[in-house]
There are 2 protein chains.
Amino acid sequence: MRGMQIATDTRSRIIAAAKPRFHSRSYANVGIQEICESAGVQKGSFYHFFPSKRDLVLAVIDEFADEWAHGFVAEAFDPALPPMERIDYLVDAAYFWQKSIKQVHGRMLGCIFGNLTLEVSTQDDILRAKLLAIFSRAKSRFKATLEEAVAAGTIAPLDSDLTAEAMLAYLEGVILLAKSQNDPEVIYRLGPAIKTLRVETAG
Amino acid sequence: MRGMQIATDTRSRIIAAAKPRFHSRSYANVGIQEICESAGVQKGSFYHFFPSKRDLVLAVIDEFADEWAHGFVAEAFDPALPPMERIDYLVDAAYFWQKSIKQVHGRMLGCIFGNLTLEVSTQDDILRAKLLAIFSRAKSRFKATLEEAVAAGTIAPLDSDLTAEAMLAYLEGVILLAKSQNDPEVIYRLGPAIKTLRVETAG
DNA sequence: ATCGTAGTTGACCGTACGGTCAAATGCAAG
DNA sequence: CTTGCATTTGACCGTACGGTCAACTACGAT
């Protein structure tokens with residue numbers, strides 16, 4: 001089945017071409033033609049693998065999510081680490097990643113999930129749902145970590161669900177502000193304060 | 001000079017047509033033609049008042065900033081209010097504003113400055129600088145408020161500059177997450193935790 | 001009455017957009 | 001050797017994009 005291999009290769013070349021473009025520019029500003037040229041693929045071939053531009057960006061989101069899940073996130077949420085140190089690790093990872101992107105690319109690109117959320121979520125509920133699911137998983141990681149920290153007595157009891165969401169919000173907000181300054185050092189300076197965030201239990 | 005009046009009227013009709021569109025969609029997704037049709041203006045007339053699309057969005061940003069500065073922000077940062085209550089007030093204002101937008105428009109549109117920042121700041125340094133200036137002013141408000149709270153003994157001493165920036169980041173992040181859920185209640189739930197954020201003084 | 005100019009008109013520029021299609025090609029299975 | 005399907009090709013669709021332009025209008029100032 002060499003045909004299959006070529007096929008999947010074409011598909012992944014398209015995604016590989018699309019990823020940095022959607023990350024560094026925006027959904028609307030990247031055209032399918034440009035992606036095809038960069039991937040060395042014809043437009044008809046593109047539409048053989050992706051019914052629409054939206055389906056491409058859906059695949060791109062998945063690739064980014066997998067990349068993170070199997071990379072920094074897996075490292076950060078290592079059960080061997082003390083719970084609260086995992087959160088530090090994640091913030092550090094975000095910092096170093098943005099910093100290295102800036103070194104290579106000249107600009108801070110920020111979080112592709114946040115970028116796409118603010119751009120498209122009023123216009124496309126399917127994309128919004130996809131991004132929401134990504135955030136939801138991220139929140140779960142934070143929540144489990146917080147609960148472990150509470151159980152270990154590292155931190156005082158709190159509303160782990162809301163605090164997890166607050167921490168995720170803060171991380172996205174810090175990256176947003178860093179992007180507005182085109183300066184990853186903002187993450188370095190503000191990131192650690194994530195651990196000061198607390199939502200008390202309602203009861 | 002009735003000519004001037006008509007002229008400025010055309011200009012502000014253009015801005016008035018552009019504002020809700022840029023807010024509810026995105027920079028790239030709103031065309032000049034559509035704006036002109038909605039404003040009842042010809043394209044040539046548009047380019048008489050605005051050298052480029054970028055100059056229009058610059059004017060739109062200014063209008064939004066003024067609207068906020070003279071509305072909720074002025075109310076929130078009322079010197080008569082106890083300092084930390086001003087921050088609560090601002091978060092509340094963001095919540096009620098987004099809620100009312102959703103009631104009218106059916107969707108949570110979020111913060112136009114955050115939206116534009118993530119969309120265009122890698123592609124247009126002039127727009128980025130404009131948005132950065134907006135955030136910078138917002139941060140100053142927070143900072144002054146924090147310093148007043150410290151002076152009054154309401155809160156323990158902290159790094160007012162970094163904490164102000166952290167609070168602004170958090171607010172933007174909360175609005176981002178709320179937008180991803182198309183639900184302003186997220187702001188209601190997470191907003192108050194803004195006051196738990198702290199960056200300790202370096203010394 | 002005339003001049004200068006701000007404002008307006010509507011056609012027009014080249015380019016790019018997302019998406020479609022019929023025809024060709026490559027290749028594995030029968 | 002043929003059938004059948006996945007894949008690829010490249011031309012093509014209509015529409016919209018940001019922006020330009022010469023001509024025209026309206027009107028205050030001299």
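Visitor: Just give me the short version of helix 8 (residues 125-152) of chain B, but keep the residues and values in it.
Guide: Across its 28 residues, helix 8 of chain B extends 40 Å between first and last C-alpha, which sits within 8% of the 40 Å expected from 1.5 Å per residue. Among the residues of helix 8 of chain B, those classed as buried are B:Leu127, B:Arg128, B:Leu131, B:Ile134, B:Phe135, B:Lys139, B:Phe142, B:Thr145, B:Leu146 and B:Ala149. Buried residues along helix 8 of chain B sit in contact with helix 9 (160-181) of chain A together with helix 4 (53-70), helix 6 (83-105), helix 7 (112-120) and helix 9 (160-180) of chain B. The residue sitting at the N-terminus of helix 8 of chain B and contributing the capping side-chain oxygen is B:Asp124; that oxygen lies 2.9 Å from the backbone nitrogen of B:Ile126. Of the residues flanking the end of helix 8 of chain B, it is B:Gly153, one or two places downstream, whose phi is positive at about 80°.

Visitor: Outline the packing of aromatic side chains, listing residues and values.
Guide: When we look at a pair of aromatic rings, we describe it by the centre distance and by the angle of the planes. All names here are of chain A. Within this structure, the stated rule accounts for 16 aromatic pairs over all chains. On the numbers, 5.4 Å between centres and 35° between planes, the contact of Phe 46 with Phe 50 is tilted. Judged by relative accessible area, Phe 46 falls into the buried class, the value being 0%. Through pairs of rings, three or more aromatic residues link up here, namely Phe 46, Tyr 47 and Phe 50.

Visitor: Tell me what's going on with the domain arrangement of chain A, and back it up with residues and numbers.
Guide: Residue and element names in this part refer to chain A. Once the domains are mapped, chain A shows domain 1 (1-50) and domain 2 (71-196). Put simply, the middle of domain 1 and the middle of domain 2, counted by C-alpha atoms, are 28 Å apart. Counting residues at the interface gives six residues for domain 1, matched by ten residues for domain 2. Between domain 1 and domain 2, a total of about 630 Å² is buried, with carbon and sulfur atoms accounting for 65% of that surface. When the buried surface of domain 1 facing domain 2 is broken down by residue, His 23, Ser 24 and Tyr 27 rank first, second and third, together holding 79% of it. On inspection of domain 1 and its partner domain 2, the count reaches zero salt bridges. At the boundary of domain 1 with domain 2, the tally comes to three residue pairs in polar contact (both at pLDDT 80 or more). Classifying every residue of the side of domain 1 that touches domain 2 by side-chain character gives three nonpolar, three polar and no charged.

Rules used in this analysis
Residues numbered from 1 in each chain as written. Chains lettered and ligands numbered in written order. Predicted model: local features only at pLDDT ≥ 70, side-chain atom pairs only at ≥ 80, totals over all residues. Heavy atoms only, no water. Helix = DSSP H or I, 4+ residues; strand = E, 2+ residues; numbered from the N terminus. Expected span 1.5 Å × (residues − 1). Buried < 20%, exposed > 50% of the residue type's maximum accessible area, 1.4 Å probe, protein only. Contact = heavy atoms within 4.5 Å. Polar contact = N/O pair within 3.5 Å; in protein donor to acceptor, adjacent residues only side chain to side chain. Phe/Tyr/Trp six-rings, centres within 6.5 Å; stacked < 30°, edge-to-face > 60°. Domains from an automatic or database assignment. Buried area = accessible area lost by both parts, 1.4 Å probe. Salt bridge = Lys/Arg side-chain N within 4 Å of Asp/Glu carboxyl O. Nonpolar A, V, L, I, M, F, W, Y, C, P; charged D, E, K, R; others polar.

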